[in-house]
Amino acid sequence: MKAKKYITSYCSIKNGKVNVNGKELFSDSSLPSVDFIKSVYKHFQLNYPKFYKMDHLSKLAFIASDLLLKSNPIMQKYAAEDVSIIIANSASSLEIDTEHQNTISDKNNYFPSPAVFVYTLPNILIGEIAIRNCIKGENTFFIFDKFDSDFMGSYNNSLLDSNKAKCSISGWVDFYENKYQAFLLTIEKEQGILNIEHNSEQLNKLYNN
Amino acid sequence: MDALIDQLKGEIIEQLNLEDLKKEDIDADAPLFGEGLGLDSIDALELIVLLEKNYGIKIANPADGKKIFQSIRTMAEFVQANKK
């Protein structure tokens, strides 16, 4: 029989609100997405020299993961190799892909930006989270039409059951055309700050909350 | 030269997304890489693009980059000498 797994913490950022473990920590629905993300970064004083160099998708993932791991410092509990990062979205890196395309579409004004180009893959955001937190475990980025709790739940269970990871940071980070949503959670075999059973129903409930 | 240094500071802040810095925070003689502004290898490529895009200057020999990008002042001196 497979051991139970638990959702031990989560962070949700959408509609101008930041919610960590069920508590609303910040709210400002007046700002467009880019300004909102910067205001969250400033509000929580998440000092990180590379933050402003990231694309909007990575900035969103960075903030969500930082707030998540501040609420639940799993890196004090697990080895770097035992923490996985499994994230999905629907827009991939289309926002920055378009920005890159704009720099190369005119042959007479052809100046591709290296700093833009390096973000033209969605899994770069996993790299940013891994670098920030010194995480060296399994990582994968999926692209789906919408959040697939069955698939994500099953994938994370498989990682934990096969001891490829002892804790997984997982969820959904999407940013495109001023629409954004981040939903990241930690999944562990042991009970933690929250002890929500890890299953499809709970994942959907928290994602839609 | 001072006007060019000031202009370069503004362009670097914009091009490298150094949003938390103002022109007056940047010492024209401080190292651009390592200490000082703490730029990285991607930033170095951005500076090469900046010189080409804004001043029409191509760096023919990449080995020259180390001297040119020592500080904002050395960049300004290079631009002044090679601007088209």
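Novice: Would you explain the overall build of chain A in this entry?
Specialist: Tallying secondary structure elements over chain A gives 7 helices and 8 strands in all. Its C-alpha atoms give chain A a radius of gyration of 17 Å, within 12% of the compact-globule value 17 Å for 209 residues. Overall, the C-alpha framework of chain A stretches about 65 × 35 × 30 Å when taken along its three principal axes. In chain A, which comprises 209 residues, the share counted as buried stands at 38%. Of the contacts made within chain A by residues no fewer than 6 positions apart, 71% connect residues no fewer than 24 positions apart.

Novice: When you look at the pairing of strand β3 (residues 23–27) of chain A in this model, what are you seeing that I'm missing?
Specialist: The two faces of the sheet receive side chains in turn, since in a regular strand these alternate between them. All names here are of chain A. Counting buried residues along β3, only 0 of its 5 residues qualify, which leaves the element largely exposed. Note: strand β2 (residues 17–20) against β3, 4 bridges, orientation antiparallel. Each residue of the ladder has a partner; that of Asn 19, found in β3, is Glu 24.

Novice: What's the story with the nonpolar core in this structure? I'm lost.
Specialist: It is characteristic of soluble globular proteins that their nonpolar side chains tend to be buried jointly. Counting residues in hydrophobic clusters, the biggest one holds 49 residues, and the most contacted among them are Leu 60, Ala 61, Ala 64, Val 173 and Leu 184 of chain A. With 9 residues, helix α2 (residues 56–71) of chain A is the largest single contributor of residues to this core. Leave out the neighbours within four places in its chain, and Ala 61 of chain A touches Leu 125, Glu 128, Ile 129, Val 173 and Ala 182 of chain A. In terms of nonpolar packing, the next biggest core, distinct from the first, is built from 16 residues, Leu 37, Leu 47, Phe 78 and Val 79 of chain B among them.

Thresholds applied
Residues numbered from 1 in each chain as written. Chains lettered and ligands numbered in written order. Predicted model: local features only at pLDDT ≥ 70, side-chain atom pairs only at ≥ 80, totals over all residues. Helix = DSSP H or I, 4+ residues; strand = E, 2+ residues; numbered from the N terminus. Rg over C-alpha atoms; globule rule 2.2 N^0.38 Å. Buried ≥ 20, exposed ≤ 12 C-beta atoms within 10 Å, placed from the backbone. Contact = placed C-beta atoms within 7 Å. Pairing = 2+ DSSP bridges. Core = buried A, V, L, I, M, F, W, Y, C linked by C-beta atoms within 7 Å.

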